[in-house]
There are 2 protein chains.
Amino acid sequence: MEIFYSNDIRGDVCFLDQEESGHCVRVLRHRSGDHICVIDGEGTFYDCTLLDDSPKAASARIDGVQRCWGAHRYNLTMAVCPTKNIDRFEWFAEKATELGVDVIAPVIGEHSERKVLKTDRIRKILLSATKQSLKGAIPQISEPESVSAFIRAHRDADELKLIAYCFEEEDAPRISIKDALAGETPAGTAPADPASGQPARPIVILIGPEGDFSRAEASLALECGFRPIHLGESRLRTETAALTAVEAVYFHYM
Amino acid sequence: MEIFYSNDIRGDVCFLDQEESGHCVRVLRHRSGDHICVIDGEGTFYDCTLLDDSPKAASARIDGVQRCWGAHRYNLTMAVCPTKNIDRFEWFAEKATELGVDVIAPVIGEHSERKVLKTDRIRKILLSATKQSLKGAIPQISEPESVSAFIRAHRDADELKLIAYCFEEEDAPRISIKDALAGETPAGTAPADPASGQPARPIVILIGPEGDFSRAEASLALECGFRPIHLGESRLRTETAALTAVEAVYFHYM
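Computed from a predicted model, the values in this text were never measured in an experiment.

## Digging into the overall build of chain A
Of regular secondary structure, chain A possesses seven helices and 14 strands. A globule of 254 residues ought to have a C-alpha radius of gyration of about 18 Å, and chain A, at 20 Å, matches this closely. Considering only C-alpha atoms, chain A reaches an extent of 65 × 45 × 30 Å along its principal axes. Relative to its full complement of 254 residues, chain A shows a buried share of 55%.

Structure, rendered in structure tokens:
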């Protein structure tokens, strides 16, 4: 099933931008009257009939609507330090999207080798992976900010806030991510499901750079309500650690 | 920590092959008398002192031995259909090694687009990921065989055998991989741990190609004692599905 994306929906008509129109009309050779599938990137899926098969500005009539299409049962923000080799971060972004993630926040730590990240390329990967994995909502990617700015911005938020680092702080022993999630909601429950009796607390997980978080960043996180976690006994690369955290949430709510 | 690999250990001396010797002596400029770390690829770690710093045939004296170094608490064979784009399969091999896997068995399904796979390149990736993730045992990779040959070879084996496909067979409803693992041993127990009272059944998981398993392959698997599973609600690419299965086992025994 081929999915198109439109961020311009007026009444019962979806307007495709130049890139999506070209893909629909020039590459896949759809013609007026063809059935096409469109997402709005915010969670809604539209069954459509192509009206205008212009290869630069196609449009389609909406025949049916499905909200929360391909949605997952949690709200997850992954704040991850971009890897030195950018392919590895891009790979994480693709895989996290397939599993289900809401926000990817690139954060720059004191020990980060990579201090800049262009989000345009990541945005394309997120769109492509969203379509490929049949989801209606594209994960958001925020502009890079420092680890400490990210932590401070979440100080007062009512969220399950977790930080994964590889050392031990005397006063704050790390628990496994599995136990941290189990302490929040019983395994298998949907946080947004009223039947579970649980409030829908969003989850925020911080993953450091190749050189780990600094002690100062870890202390600030603990002060701001982050819980220190580990990801098991294996020594994982940054991008594998980040994906493993997404998998932990995915399995917890399976 | 830099790790070297030797498959030639005699008495208390490790002999490095030409590639490892070059890396040790020419690239990292180790000299006789330096402390180096060596694994045998079968699970044992050696603390060594470099004796001969020949860049083609270095050798080192063993000062200390650690068995089961970086070992995981399960025995897992992943039988996975290689992806059309080989990078994706290689990526899976690297990530599975970081988490912990024992055997990677490339299998060719009726719907596989890729019918051949050279294992030499994968073998190098496995060695590199094993060293990088500080493990003593390199996962084995078997030569490619057909899905049906693999299934038949496991017919009589006393293993937890799981097959992930995307359709439903009327007589054999799929359960989640999480429930399949929980039905075998309680979460968090070590299968090889005598205290848990559980026998150490190896786990074998079959993951199909982009076009899924054929109905005939699925039926043969069920006849041969494989249990049909799903990997949750997300639609995952082949390599993501394969890694997600490894993550499920990793979390189950966490």
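## Points about the sheet that holds strand 4 (residues 35-39) of chain B
Residue and element names in this part refer to chain B. With mixed pairing, the six strands of this open sheet are ordered in space as 1-4-5-6-3-2. Every interior strand has two partners, whereas the edge strands, strand 1 (3-5) and strand 2 (8-10), have only one. Across this sheet, the average inter-strand angle for adjacent strands is 40 degrees, counted without regard to direction. By the bridge criterion, seven bridges tie strand 5 (residues 45-52) to strand 6 (residues 59-66) in an arrangement that is antiparallel. Residue pairing across strands places Thr-49 opposite Arg-61, the latter belonging to strand 6. On top of the sheet, helix 1 (residues 18-27) reaches strand 1, strand 4 and strand 5; it is set at about 150 degrees to strand 1, its chief contact. Sitting on the sheet, helix 3 (residues 119-132) is in contact with strand 1 and strand 4, with an inclination near 145 degrees to strand 1.

## A word on the packing of helix 2 (residues 86-99) of chain A against helix 7 (residues 238-252) of chain B
As a packed pair, helix 2 of chain A and helix 7 of chain B sit with axes 11 Å apart at the nearest point and diverge in direction by 75 degrees. On the basis of the axis angle, helix 2 of chain A is roughly perpendicular to helix 7 of chain B. Residues A:Glu94, A:Lys95, A:Glu98 and A:Leu99 of helix 2 of chain A pack against B:Glu239, B:Thr240 and B:Thr244 of helix 7 of chain B. Each residue belonging to the contact of helix 2 of chain A with helix 7 of chain B can be placed in one class, and the counts come to one nonpolar, two polar and four charged.

## A closer look at helix 1 (residues 18-27) of chain A
Residues and elements named next belong to chain A. For helix 1, the full list of buried residues reads Glu-20, Ser-21, Gly-22, Cys-24 and Val-25. Taking the backbone nitrogen of Glu-19 as reference, a side-chain oxygen 3.2 Å away marks Asp-17 as the first, capping residue of helix 1. The positive-phi residue at the C-terminal boundary of helix 1 is Arg-29, with phi of around 55 degrees.

## Notes on the relation of the copies chain A and chain B
For the pair chain A and chain B, the superposition axis carries a translation of 0.0 Å, the fit reaches an RMSD of 0.0 Å, and the rotation angle comes to 180 degrees. Both copies are brought into coincidence by an operation consistent with a two-fold rotation axis. Rotation axis and chain A: the residue whose C-alpha lies nearest the axis is A:Glu247, separated from it by 3.5 Å. With an isologous cut-off of 70% or more, the 100% of interface residues of chain A that recur at the interface of chain B puts this contact in the isologous class.

## Remarks on the domain arrangement of chain A
Residues and elements named next belong to chain A. Split by domain assignment, chain A resolves into domain 1 (3-66) and domain 2 (76-252). Placing the centre of domain 1 and that of domain 2 at their C-alpha centroids yields a distance of 33 Å. Together, the buried faces of domain 1 and domain 2 total about 640 Å²; carbon and sulfur atoms form 67% of this surface. Among the residues domain 1 hides against domain 2, the three largest losses belong to Ile-3, Ile-39 and Gly-41. Together they make up 57% of the total. Along the contact surface separating domain 1 from domain 2 lie one salt bridge. Note that Glu-20 and Lys-131 form a salt bridge whose closest N and O atoms lie 2.8 Å from each other. Connecting domain 1 to domain 2 are five residue pairs in polar contact (both at pLDDT 80 or more). Grouping the amino acids of the side of domain 1 that touches domain 2 by side-chain chemistry returns four nonpolar, three polar and three charged.

## Some details on the pattern of salt bridges
Per the stated rule, a full pass over the model turns up 32 salt bridges over all chains. Across the pair A:Glu98 and A:Lys95 runs a salt bridge, and its minimum N-O distance is 3.0 Å. With A:Glu98 and A:Lys95 both in helix 2 and three residues apart, this pair spans about one turn of that helix. Residue classification places A:Glu98 among the buried residues on the basis of a relative accessible area of 0%. For A:Lys95, a relative accessible area of 0% gives the class buried. Among the ionic contacts, a cluster of salt bridges with common partners joins A:Arg88, A:Arg237, A:Glu239, B:Glu94, B:Lys95 and B:Glu98.

## Notes on the state of the cysteines
Within this structure, the stated rule accounts for zero disulfides over all chains. In this structure A:Cys166 is a free cysteine whose sulfur lies 12 Å from that of A:Cys81, the closest cysteine sulfur available. Classification of A:Cys166 by relative accessible area gives exposed; the value is 66%. Looking at B:Cys224, it has no disulfide partner, and the nearest cysteine sulfur is the one in B:Cys81, 16 Å off.

Reading the values: the criteria
Residues numbered from 1 in each chain as written. Chains lettered and ligands numbered in written order. Predicted model: local features only at pLDDT ≥ 70, side-chain atom pairs only at ≥ 80, totals over all residues. Heavy atoms only, no water. Helix = DSSP H or I, 4+ residues; strand = E, 2+ residues; numbered from the N terminus. Rg over C-alpha atoms; globule rule 2.2 N^0.38 Å. Buried < 20%, exposed > 50% of the residue type's maximum accessible area, 1.4 Å probe, protein only. Pairing = 2+ DSSP bridges. Axes fitted to C-alpha atoms, helices over the stretch in contact; angles between N-to-C directions. Contact = heavy atoms within 4.5 Å. Parallel < 35°, antiparallel > 145°, perpendicular 65-115°, else oblique. Nonpolar A, V, L, I, M, F, W, Y, C, P; charged D, E, K, R; others polar. Polar contact = N/O pair within 3.5 Å; in protein donor to acceptor, adjacent residues only side chain to side chain. Least-squares fit on C-alpha atoms with pLDDT ≥ 70 in both. Domains from an automatic or database assignment. Buried area = accessible area lost by both parts, 1.4 Å probe. Salt bridge = Lys/Arg side-chain N within 4 Å of Asp/Glu carboxyl O. Disulfide = S-S within 2.5 Å.

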